[in-house]
Amino acid sequence: MNQKHDHDDISRQWCLTRPEIESLQLQRLNQVLHVASHHPFYRDRMGAVRLPLKSLDQLAELPLISKSDLVAESPGEPGRIFSLPRASYTRFHQTSGTSGHPMPVLDTADDWRWWLDCWQHVLHAAEIVPTDVAMMAFSFGPFIGFWTASDALVRADALVIPGGGMSSETRLQMIIDHQCTVVCCTPTYALHLMAVAEKLSIDLRNTSVTCLIVAGEPGGSVPAIRSRIQEGWNAKVIDHSGASEIGAWGFGSRDGKGLHVIETEFIAERLCFDASHPDGRPADDGEEAELVLTGLGRLGGPAIRYRTGDTVRGTYRHEHPCRFLYLEGGVLGRIDDMIVIRGVNVFPSSIESIVRMLDPTAEFRMIVTKSGDLDRLAVQAELTESRCSELAELFQKRLAMKVDVSHVPFGSLPRFEAKSRRLDDRRKM
């Protein structure tokens, strides 16, 4: 499939009506369920569900699955949805497992092509053209990272510069030497490159970079973080979201304020879980809920009603040119990361957004402890003591709660190329 065909086809998909989208979803869902009905993981779970389904509403008759359901008992064993003979698979990645050991994730050649199909939506949103030169600013390890982005950019006829195994200084020099127009990295690393460039007296605003595609953590759709990156690079920012277990499911809206779910490749449910609804109830339009996805193209490892753990606020009532489900603010946080501090629900992404309002590149760490029955939140920041006081005031104003903020020396906190790990939860210690 050539680049022009990709863009023409995606433009057509973005303009589909709701009935057209749902008709396509039902057709592809039945294909996935037919494969899953012979799958050892799903055979019993599908129970007495009769195929083919007549309506998308019947999808709710199938049980939900979560990451803990997928992790095999033995280290090194693939997730339980990847049950084909090993010779059927051509791609290997792994993700952290809830049982304490990494979970291998496998893809057939067809599945990998499907990943690239999904990524073309991201590239279309970023307006990638064959003359683009892309720096892949991540380590090419077993984490899925931007592996699919790299292959998708090659398919789009762009020139790809692999940045694995390089220091930040070397990557910046490569960006300059090769006149890169696109940078693929996490939002945190984009901010870190800004700080490194400032030390080296490099003006990123005058480089050839016109677009950053960010993923791996919230930030690309968080206004404070997004604007800092755009100002520091003088380039647009396109958000993306995905997961090893489910695929590349979302891309940033053109205005940068949220994400679209690729509904021609995924069925999205937004469910609220509480004591009265342990299996979840459909969220109202715009209500904060957990995103549940069903992939429609990964037959070598089908994920059906997968609880992503991502909290979102979705609506079909929007004015964006792409008619897919719109998630205002992108991924708002992680269900498993949310902490309740004196009755206030706090997500790490909210903390980061407030830090970035004060300083776009400051490194910080959140520490959660327990005192009696109360959880307590403290923040360590590589800021001056006076700026730490300002940050504490911002937390009070934005979160309506007191957060202890302390100064730590510059360079004393860890840096991350992949997903940042700034939350230090000490409640179980």
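Attention in this report is confined to the structure presented alongside it. (Residues numbered from 1 in each chain as written. Predicted model: local features only at pLDDT ≥ 70, side-chain atom pairs only at ≥ 80, totals over all residues. Heavy atoms only, no water.)

A separate point is the pattern of salt bridges. A complete count under the given rule lists 21 salt bridges for this structure. Between Lys236 and Glu127 there is a salt bridge whose closest N-O contact spans 2.8 Å. Linking Lys236 in strand 7 (residues 236–243) with Glu127 in the loop between helix 4 (109–125) and strand 3 (133–136), this pair joins segments that are 109 residues apart in sequence. Asp404 is the salt-bridge partner of Lys402, the closest N and O atoms lying 2.5 Å from each other. (Salt bridge = Lys/Arg side-chain N within 4 Å of Asp/Glu carboxyl O. Helix = DSSP H or I, 4+ residues; strand = E, 2+ residues; numbered from the N terminus.)

By volume, the second largest pocket is sized at about 480 Å³. For the lining of the second largest pocket, the elements supplying multiple residues, two or more each, are helix 2 (18–36), strand 10 (266–274) and strand 11 (277–282). Sorting elements by how many residues they give to the lining of the second largest pocket places strand 10 first, with five residues. Taken together, the residues that form the lining of the second largest pocket break down as nine nonpolar, two polar and eight charged. (1 Å grid on protein atoms, 1.4 Å probe; cavity = no way out; pocket = protein on both sides within 12 Å on 5 of 7 lines; lining within 4 Å. Points joined across faces, edges and corners; volume = space filled by probe spheres on them. Nonpolar A, V, L, I, M, F, W, Y, C, P; charged D, E, K, R; others polar.)

A few words now on the pairing of strand 12 (residues 288–295). The buried fraction of strand 12 is high, at seven of eight residues. Bridge count for strand 10 against strand 12 is six bridges, and the pairing is antiparallel. Considered in strand 12, the bridge of Ile267 is made with Thr294. (Buried < 20%, exposed > 50% of the residue type's maximum accessible area, 1.4 Å probe, protein only. Pairing = 2+ DSSP bridges.)

With that settled, consider the packing of aromatic side chains. Taken as a whole and judged by the stated rule, the model has eight aromatic pairs. Residues Phe140 and Trp147 carry aromatic rings whose centres are separated by 5.1 Å and whose planes lie at 80 degrees to one another, so their mutual orientation is edge-to-face. Since its relative accessible area comes to 28%, Phe140 is described here as partly exposed. Exposure remark for Trp147: the relative accessible area of 24% places this residue in the partly exposed category. Connected via pairs of aromatic rings, a cluster forms that spans Trp119, Phe138, Phe140, Phe146 and Trp147. Positioned above the aromatic ring of Phe273, the side-chain terminus of Arg307 is 3.8 Å from the ring centre. (Phe/Tyr/Trp six-rings, centres within 6.5 Å; stacked < 30°, edge-to-face > 60°. Lys NZ or Arg CZ within 6 Å of the ring centre and 35° of its normal.)

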